[in-house]
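# Geometric and topological summary
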Amino acid sequence: MTLSASHDAAVERQFSPQAAAYLTSAVHAQGEDLQQLASLAREQPKARVLDLGCGGGHVSFLVAPLVQHVTAYDLSQAMLDVVAAEAGRRGLHNLDTCQGKAERLPFDDEQFDLVLCRYSTHHWQDPGQAIREARRVLKPGGIAAFADVVSPGEALLDTWLQTFELLRDTSHVRNYSIAEWSALLTQAGFTLQSTTLRRLPLEFSSWVARMRTPETFVAALRALHAIAPDVVRGHFEIQGDGSFSSDTGTLVVRRG
């Protein structure tokens, strides 16, 4: 089994059994970043939209009534089955699903007016390739927006963040800093339009339950929280029950 296939299997193993949990996750179903993505769609009522790494489909469900067509795309077929069923329940007949990797999009060049991606990029094995693919399938002048948890950038804080994330979810690859994001997007040929930073409070029990984190790893997370240096505890606002806050970023770019 290749490294890529092994990582894909890890993503499937982590997310397929929990597809329904992501549909009902309050963290994923709401937020200012989600509304920001919807506002981009609202400006293009005739747009064909790609929801890249759609997960539970919250971006797709919100923007489908605002645009011509949405393609919800994800590696997990179980996720897509949940999205398709919910789209049918909501009467969103302009929403289709498609299964595959972010690094190999099965779409023609210049097919979409808008590419939206939320809470997916930290699972990508090759983010540079995936971002280049996002640019390839965008029409000239098209807009892409990437929203995810971001690294604070400082080495100590970055190490602790990546450790928290990996213990909770073994399919985690990396949360990138804004500087790393800017480099990836520029190298892919995008022009940065805006960067919006926010804070995301995470309730510990639901955070680990959503991913079915094994109890040994939950215990390790609690132990790390207990011994975290003051600078780490302060930045991530670690609470007595393990709840904490992460930094998020929404980067909006244009294909020149």
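Note that the structure is predicted; figures quoted are calculated from it, not measured.

### Considering the overall build of the protein
Secondary structure assignment for the protein yields twelve helices and seven strands. A burial count over the protein gives 54% of its 256 residues as buried. Expressed as a percentage of contacts within the protein between residues at least 6 apart in sequence, the contacts between residues at least 24 apart total 77%. As displayed, the protein has an accessible area near 10800 Å², and 54% of this comes from carbon and sulfur atoms.

### Quick word on the packing of helix 8 (residues 155-168) against helix 11 (residues 215-227)
Two elements in contact, helix 8 and helix 11, have axes separated by 9 Å at closest approach and are oriented at 160°. In terms of orientation, helix 8 lies roughly antiparallel with respect to helix 11. For the crossing formed where helix 8 meets helix 11, the hand is left-handed. Between helix 8, through Trp160, Thr163, Phe164, Leu167 and Arg168, and helix 11, the contact on the second element is made entirely by Phe217, Ala220, Leu221, Leu224, His225 and Ile227.

### Quick word on the pattern of salt bridges
A full pass over the atoms with the stated rule returns 13 salt bridges. Arginine 136 is the partner of aspartate 109 in a salt bridge, and the nearest nitrogen-oxygen pair spans 2.7 Å. Taken as a pair, aspartate 109 in the loop between strand 3 (95-99) and strand 4 (112-118) and arginine 136 in helix 7 (residues 127-137) lie far apart in primary sequence, 27 residues in all. Residue arginine 199 is joined to glutamate 237 by a salt bridge in which the shortest nitrogen-to-oxygen separation is 3.2 Å. Taken together, the residues span a long stretch of sequence, with arginine 199 in strand 6 (residues 190-202) and glutamate 237 in the loop between helix 12 (230-236) and strand 7 (244-255) at a distance of 38 residues. Exposure remark for arginine 199: the relative accessible area of 35% places this residue in the partly exposed category. We classify glutamate 237 as partly exposed; its relative accessible area is 39%.

### Some points on the nonpolar core
Counting 26 residues, the largest nonpolar core has Leu50, Leu52, Ile131 and Phe146 as the members making the most contacts within it. Of all elements in the fold, only strand 1 (48-52), strand 4, helix 7, strand 5 (138-149), helix 9 (178-187) and strand 7 reach the threshold of two or more residues within this core. Ranked by the residues each element gives to this core, the list is headed by helix 7, at four residues. Residues contacting leucine 52, with those up to four places away along its chain left out, are Tyr73, Ala102, Leu105, Val115, Leu116, Cys117, Arg118, Ser120, Trp124 and Ala134. Formed by 24 residues, the second largest nonpolar core is a distinct cluster that contains Val49, Val59, Ala87 and Val252.

### Observations regarding the packing of aromatic side chains
Applying the stated criterion to the full structure yields ten aromatic pairs. Between the aromatic rings of tyrosine 176 and tryptophan 181, the centroid separation amounts to 6.3 Å while the plane-to-plane angle is 80°, which identifies the pairing as edge-to-face. Among the residues examined, tyrosine 176 registers a relative accessible area of 10% and is labelled buried. By relative accessible area, which is 3% here, tryptophan 181 ends up buried. The rings of Trp160, Phe164, Phe204, Trp207, Phe236 and Phe244 are connected pair by pair, giving a single aromatic cluster.

Conventions used here
Residues numbered from 1 in each chain as written. Predicted model: local features only at pLDDT ≥ 70, side-chain atom pairs only at ≥ 80, totals over all residues. Heavy atoms only, no water. Helix = DSSP H or I, 4+ residues; strand = E, 2+ residues; numbered from the N terminus. Buried < 20%, exposed > 50% of the residue type's maximum accessible area, 1.4 Å probe, protein only. Contact = heavy atoms within 4.5 Å. Areas by Shrake-Rupley, 256 points an atom, 1.4 Å probe, with all protein chains shown as cover. Axes fitted to C-alpha atoms, helices over the stretch in contact; angles between N-to-C directions. Parallel < 35°, antiparallel > 145°, perpendicular 65-115°, else oblique. Left-handed = near helix turned anticlockwise from the far one by under 90°. Salt bridge = Lys/Arg side-chain N within 4 Å of Asp/Glu carboxyl O. Core = buried A, V, L, I, M, F, W, Y, C linked by side-chain atoms within 4.5 Å. Phe/Tyr/Trp six-rings, centres within 6.5 Å; stacked < 30°, edge-to-face > 60°.

As far as function goes, none of this settles anything; it's purely spatial.
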